[in-house]
Amino acid sequence: MPPPFSYIFGPVPSRRLGQSLGVDIIPSKLCTLDCVYCEVGTTDKRGLARREYYSVEEIVAEVGEAIRQYPHLDHITISGSGEPTLHSGLGRIIRGIKMLTEVPVAVLTNGTLMTDPEVRSDLAEADIVSPSLDAASQEVFNAVDRPHPDLRIEKIIDGLAAFRSEFAGQIWLEILFVRGMNDSNEEVLRLKQAIERIAPDRIQLNTVVRPPAEPTALPVTERRLKEICTLLGGNCEVIGVYHEKTVTAEQHVDAERVVALLRRRGMRLEEMADALEMHRADVARLLTELVAHGTVVKQVYEGETFFQARDTE
Ligand code: SF4
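This write-up is about the structure you can find in this document. All figures in this text were calculated on a predicted structure; none of them were measured in a lab.

Re the sheet that holds strand β2 (residues 18-24)
- What the eight strands build is an open sheet, ordered β1-β2-β5-β6-β7-β8-β9-β10; its pairing is mixed. With partners counted over all chains shown, the strands left at the sheet margins are β1 (8-14) and β10 (236-238), one partner each. The mean inter-strand angle of the sheet, taken between neighbouring strand axes irrespective of direction, is 25 degrees.
- Two strands pair when backbone bridges link them, and strand β7 (residues 128-131) and strand β8 (residues 170-177) are joined in this way by two bridges, in the parallel orientation. Bridge pairing in β8 links Ile128 to Gln170.

Digging into the environment of Pro4
- By the secondary structure assignment, Pro4 is in the segment before β1.
- The exposure class assigned to Pro4 is partly exposed, which follows from the 15 C-beta atoms found within 10 Å.
- Along the backbone, Pro4 and Ile239 are 235 residues apart, and their C-alpha atoms lie at a distance of 31 Å.
- Other than its neighbours up to four places away in sequence, Pro4 contacts Gly266, Met267, Arg268 and Phe306.

Quick look at helix α2 (residues 90-100)
- Of the residues making up α2, those classed as buried are Leu90, Ile93, Ile94 and Ile97. Along α2, the residues classed as buried sweep out an arc of 95 degrees about the axis, all on the same side.
- Buried positions along α2 lie against α1 (56-69), β5 (75-79), β6 (105-109) and α3 (117-123).

Description of the nonpolar core
- Val23 and Val178 are the most contacted members of the largest nonpolar core, which totals 84 residues.
- Residue contributions to this core peak at six residues, all from β8.
- Split by domain, this core shows at least three residues from each of two domains, domain 1 (8-242) and domain 2 (246-313).
- The contact partners of Val178, leaving out residues within four places of it in the chain, are Val36, Tyr37, Val144, Val208, Ala217 and Leu218.

Basis of the calculations
- Residues numbered from 1 in each chain as written.
- Predicted model: local features only at pLDDT ≥ 70, side-chain atom pairs only at ≥ 80, totals over all residues.
- Pairing = 2+ DSSP bridges.
- Helix = DSSP H or I, 4+ residues; strand = E, 2+ residues; numbered from the N terminus.
- Axes fitted to C-alpha atoms, helices over the stretch in contact; angles between N-to-C directions.
- Buried ≥ 20, exposed ≤ 12 C-beta atoms within 10 Å, placed from the backbone.
- Contact = placed C-beta atoms within 7 Å.
- Arc of directions from axis to C-beta.
- Core = buried A, V, L, I, M, F, W, Y, C linked by C-beta atoms within 7 Å.
- Domains from an automatic or database assignment.

Written out as structure tokens, the structure is:
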């Protein structure tokens, strides 16, 4: 079994980014927000301090090794189990990756630190930046994203608008709607005003499609997402739809995805949850069933538990 990666997950097929190699540069779960819908779980370390949480050189070296293992990538995507702009070496990481490959680099961020010119300068090294913006009023921002107390939404919107004026690459703005929290016409119209300032290349609407940190975070209907898309106008598209009646089929597909991933190499539960964009509890439940069935084997390596698909050939 090849040594497991520490910072790499996937590649995973992504609707937005094609075959995407994930790079997780932040410890779980360190974030500036504690979103009610977060699929990683509740934020236990909410902070604003930027640090070199992991070695830039080690991260870039792993990306180099992963590129050799997976030569057919559409994007390298920096994201993970927390907010990636909290890593103070983000700009050096992107530059290091771009010296290794011409595969475009995307960063998924919650955008809250874009008030800082250094963060904007780091992000400007990427080809695609996908910030999220779930609210345009402080009250709704507090309810949905439960920010660090020093974060003000009007300053964040200023930061996003400043980034637009400095960045020549693609900005894909993602808005996640939670039923009864940020889906009113009033908030949507406030968001529309903010979006006019940010001028993203794409506006992508999402909802709660995976188990959230708070069970009270409910999805909005596809119909409402489409209405909101019409209200926002322009380059808006719906990227996440909640299908209430397809749970069993989804579970079957999820089990197949887990096994497909584990056929490539052994992985830890956390890596799988990140790679598959699933909640850890769901991956754990599937693994329990797959191990009991004999499809997947569990191994302990240097004190850590790995799972691998049983070779059936
Ligand atoms: S959804 Fe993203 S921004 Fe929100 S708490 Fe989770 S990791 Fe942080």
